[in-house]
Amino acid sequence: MSEKTKKENLRSQSWFNPPDAKSGFIHRSWMRNQGLPNDYFEGRPVIGICNTWSELTPCNAHLRDFAEFVKKGVLEAGGVPFEFPVTSLGEILMRPTAMLFRNLASMDTEETIRANPMDGVVLLTGCDKTTPSTLMGACSVDLPTIVVPGGPMLNGKYKGERIGSGTFVWQLKDKIKNEGFTHEDQIVAEICSARSAGHCMTMGTASTMACMVESLGLTLPGAAAIPAVDSRKKVMAQLSGRRIVEMVKEDLKLSTILTRKAFENAIKVNAAIGGSTNFIIHLTAIAGRIGVKLDLKDFDTLGSKIPLLVNLMPSGKFLMEDFFDAGGLPVVIKQMKDHLHNDALTVNGKPIGANNEMAECYNDEVIATLGKPFLEEAGIAVLYGNLCEDGAVIKPSAATPELMTHKGKAVVFENIEDCIVNINDPDLDIDGSSVIVLKGVGPKGYPGMPEVGNIEIPDKLITKGIKDMVRISDGRMSGTAYGTVVLHVSPESTVGGLLALVQTGDMIVLDVPNRKLHLDVDDAELKKRKDAWVPPQRHMERGYVSLYEKTVQQAHLGADLDFLVGKSSSEVTRDAH
Ligand code: FES
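Residues numbered from 1 in each chain as written. Predicted model: local features only at pLDDT ≥ 70, side-chain atom pairs only at ≥ 80, totals over all residues. Heavy atoms only, no water.

**Notes on the overall build of the chain**
Scanning the chain for helices and strands turns up 20 helices and 14 strands. Its C-alpha atoms give the chain a radius of gyration of 24 Å, within 12% of the compact-globule value 25 Å for 577 residues. Projecting the C-alpha coordinates of the chain onto the three principal axes gives extents of approximately 75 × 55 × 45 Å. Taking all 577 residues of the chain together, 61% fall into the buried category. Considering only intrachain contacts with a sequence separation of at least 6, the fraction spanning at least 24 residues in the chain is 77%. When the accessible area of the chain is evaluated, it comes to approximately 22900 Å², of which 53% is carbon and sulfur surface. (Helix = DSSP H or I, 4+ residues; strand = E, 2+ residues; numbered from the N terminus. Rg over C-alpha atoms; globule rule 2.2 N^0.38 Å. Buried < 20%, exposed > 50% of the residue type's maximum accessible area, 1.4 Å probe, protein only. Contact = heavy atoms within 4.5 Å. Areas by Shrake-Rupley, 256 points an atom, 1.4 Å probe, with all protein chains shown as cover.)

**Examining the packing of helix α11 (residues 260–273) against helix α12 (residues 278–290)**
When two helices pack together, you describe them by how their axes are tilted relative to each other and by the distance separating the axes. The N-to-C vectors of α11 and α12 enclose an angle of 175 degrees; their axes lie 12 Å apart at closest approach. Here α11 lies roughly antiparallel to α12, going by the angle between them. Contacts from Phe-263, Ala-266, Ile-267 and Asn-270 in α11 reach Phe-279, Leu-283, Ile-286, Ala-287 and Ile-290 in α12. Here the contact of α11 with α12 is built from residues that sort into eight nonpolar, one polar and no charged. (Axes fitted to C-alpha atoms, helices over the stretch in contact; angles between N-to-C directions. Parallel < 35°, antiparallel > 145°, perpendicular 65-115°, else oblique. Nonpolar A, V, L, I, M, F, W, Y, C, P; charged D, E, K, R; others polar.)

**A closer look at the sheet that holds strand β3 (residues 120–125)**
An order of β2-β1-β3-β4 is seen for the four strands of this open sheet, with the pairing classed as parallel. The sheet is open, and its two borders are formed by β2 (80–85) and β4 (145–149), each paired with just one other strand. Across the sheet, the axes of successive neighbouring strands diverge by a mean angle of 20 degrees, strand direction being ignored. Sheet topology note: the strand β1 (residues 46–51)/β2 ladder contains six bridges and is parallel. Pairing of Cys-50 across the sheet is with Phe-84, part of β2. (Pairing = 2+ DSSP bridges.)

**Quick notes on the side chain of Asn-265**
In this structure, Asn-265 sits in helix α11. Residues contacting Asn-265, with those up to four places away along its chain left out, are Ser-215, Leu-340, His-341, Ala-344 and Ile-352.

**Points about the packing of aromatic side chains**
Here the structure, examined in full by the defined rule, presents five aromatic pairs. Here the aromatic rings of Phe-279 and Phe-299 are separated by 5.9 Å at their centres, their planes lie at 85 degrees, and the arrangement is edge-to-face. With Phe-279 in helix α12 and Phe-299 in helix α13 (residues 296–303), this residue pair connects regions lying 20 residues apart in the sequence. Classification of Phe-299 by relative accessible area gives buried; the value is 2%. (Phe/Tyr/Trp six-rings, centres within 6.5 Å; stacked < 30°, edge-to-face > 60°.)

**Digging into the pattern of salt bridges**
Under the criterion given, the structure shown has 31 salt bridges. For Asp-506, the salt bridge identified is with Arg-529, shortest N-O distance 2.7 Å. Within this pair, whereas Asp-506 is found in the loop between β12 (485–490) and β13 (507–511), its partner Arg-529 is found in helix α19 (residues 523–532), the two being separated by 23 residues in sequence. Arg-529 carries the same exposure label as Asp-506, and that label is buried. Ionic contacts of the salt-bridge type, sharing partners, join the residues Glu-110, Glu-111, Arg-114, Arg-289 and Asp-560 into one network. (Salt bridge = Lys/Arg side-chain N within 4 Å of Asp/Glu carboxyl O.)

**Some thoughts on the environment of Val-141**
Structurally, the position occupied by Val-141 is in the loop between α5 (130–139) and β4. Considered as a pair, Val-141 and Ala-381 are 240 residues apart in the sequence and their alpha carbons are 33 Å apart. Here Val-141 is in contact with Glu-110, Ile-113, Arg-114, Ser-569 and Ser-570, once residues within four sequence places are set aside.

**Re the packing of helix α8 (residues 205–216) against α11**
Where α8 meets α11, the closest approach of the two axes is 8 Å, and the angle between their N-to-C directions is 140 degrees. Taken as axis vectors, α8 and α11 run oblique relative to one another. The handedness of the crossing between α8 and α11 comes out as right-handed. Residues Thr-208, Cys-211, Met-212, Ser-215 and Leu-216 of α8 lie in contact with α11, whose contacting residues are Ala-262, Phe-263, Asn-265, Ala-266, Val-269, Asn-270 and Ile-273. Looking at side-chain class alone, the contact of α8 with α11 contains eight nonpolar, four polar and no charged residues. (Left-handed = near helix turned anticlockwise from the far one by under 90°.)

**Quick look at the environment of Thr-97**
Summarising the element assignment, Thr-97 is placed in the loop between β2 and α4 (102–115). The spacing of Thr-97 and Leu-218 is 121 residues in sequence and 27 Å in space, taken between C-alpha atoms. Ignoring sequence-local partners within four residues, the contact set of Thr-97 consists of Tyr-446, Pro-447, Gly-448, Pro-450 and Arg-476.

**Observations regarding the nonpolar core**
Side chains that are nonpolar tend, in soluble globular proteins, to be buried together. Among the nonpolar cores identified, the biggest contains 102 residues, and Leu-135, Leu-216, Leu-218, Phe-263, Leu-283, Phe-323 and Val-332 are the most heavily contacted of them. Element by element, the count of residues in this core is highest for α11, at eight residues. Listed in part, the 29 residues of the second largest apolar core include Ala-392, Ile-394, Ala-399 and Val-470. (Core = buried A, V, L, I, M, F, W, Y, C linked by side-chain atoms within 4.5 Å.)

**A look at the pairing of strand β10 (residues 435–438)**
Residues Val-435 and Val-437 of β10 are buried on one face, and the alternating residues Ile-436 and Leu-438, pointing to the opposite face, are buried as well. In the sheet, strand β9 (residues 405–413) pairs with β10 via four bridges, with the strands oriented parallel. Following the sheet pairing, Val-411 is matched in β10 by Ile-436. Bridge count for β10 against strand β11 (residues 470–473) is four bridges, and the pairing is parallel.

**Concerning the side chain of Asp-474**
For Asp-474, the location among the structural elements is in the loop between β11 and β12. Despite its burial, Asp-474 remains without a salt bridge, the nearest opposite charge being carried by Lys-439 at 9.1 Å. A distance of 2.9 Å separates a polar atom in the side chain of Asp-474 from the backbone nitrogen of Val-441. At 2.9 Å, the side chain of Asp-474 forms a polar contact with the backbone nitrogen of Ser-493. Contact partners of Asp-474, with chain neighbours within four places excluded, come to Leu-438, Lys-439, Gly-440, Val-441, Gly-442, Pro-443, Met-449, His-488, Val-489, Glu-492, Ser-493 and Leu-499. (Lys, Arg positive; Asp, Glu negative; His and termini not counted. Polar contact = N/O pair within 3.5 Å; in protein donor to acceptor, adjacent residues only side chain to side chain.)

Spatial relationships are all this shows, so hold off on functional conclusions.
Structure representation (structure tokens):
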């Protein structure tokens, strides 16, 4: 037995076999009420299965069953599994927005792991925020950890056509206005777009997060794209259960895998798959927890020249089931081998390059080669300028090429309610060349930075056939959405960024090739506006929202709470009841 596998080295043994007899009695005795044999306490690695299952998070509703497959694997490898729930964040139902609670859920995960006798952790995730929140929490403890992504839904099919979750929602208004889409059509489409267990099956944020953890090396190879209902997903869960026990024996911690190289790989792979802009904010927060320095500029420097290899909605036309059938992320990682750090270690103990070198592409309409990509430069562009001194982002692959260099008059909405009420005012002075500006939807401003950046085009312009316009905000955009949308403007309007001073009629210059976003108003006028500016009132004086508003960081830093950045290890020195 190696040093690492000795039972006295297991963290859980300090609960179950401590020097103090009374304490050991207490920790074992109550656990025994679940019918556990004695050898469960005698030096077998204890694996926590962190489950984000919830019936209010439909994308994760199947994870309760999945946990059983993980448990099987843990037991087969000689470990002891204990499943535990953490705050589950359902993107669709939560008000005012699920992102407000990402950091809260991360705290829940962190403290639950640290406070309990776990030697290793399996994260069962799915819906958008459940992956970053649990991973952020796990990073701050830094035990051996493996992620099992819950998998996408089967392809949506409506009247013989693919219907992408989320992406179809953004087309709905146009369909109702211009294509005679009825309420009955809508009900049928709703059913067709969610026909199985799993998360959104476009390359939205959930699929992006699944690919992120695989490219970081935190899943077994090929895990991200397997549909939730595919039997191979259960096998993946079981094998992950077996593997985490080995990882504990090898003391293979998150910090060993999550090096700067792993983050660079993830940024490049995200560009190649056309991943969501939300990737930026979550990866930055994860890097902050594990202690890897990542700058907003890195996403542009490392990713913007990477070609688009995956033809999935919202940038393309296929869905995650097609991606899986075509070979999935291993094919992309293999295609990208000249761009990646192939020696980056992964949870199976092997480097990412070796893991994926045998991958084969079965459909080049879905996954292209580097020599013949779907788009030459696909990554996220990071903009700077007086309107976004700390940066803003745009996803060129989801934007209209002709609008990437644009000068137009601002039409300003002070908050999302103002926008909803007035965007369709028939008297609104707006045309296709206008630049729609939305304030008050940043991390502090909303609060929680909702996915409202892809502001709907006014009805009167849709009727004229206008499908895209330049839109700018301090909010985020759903990974399933598209358009020439500048997001994550930092500093946000609520903390006094220049965005707060923009007025309707101001000229705004967007120059994506030169990475510029500029408010064309002279300094004297801006100073006058700044002097007259009154910061908005805080939303709440009590509870979590109050804590969030006081401590949330700006978007370019990952919008984590400032006191949660970093890690505090797995050690707890005191124990009293
Ligand atoms: Fe859960 Fe899209 S709503 S992944």
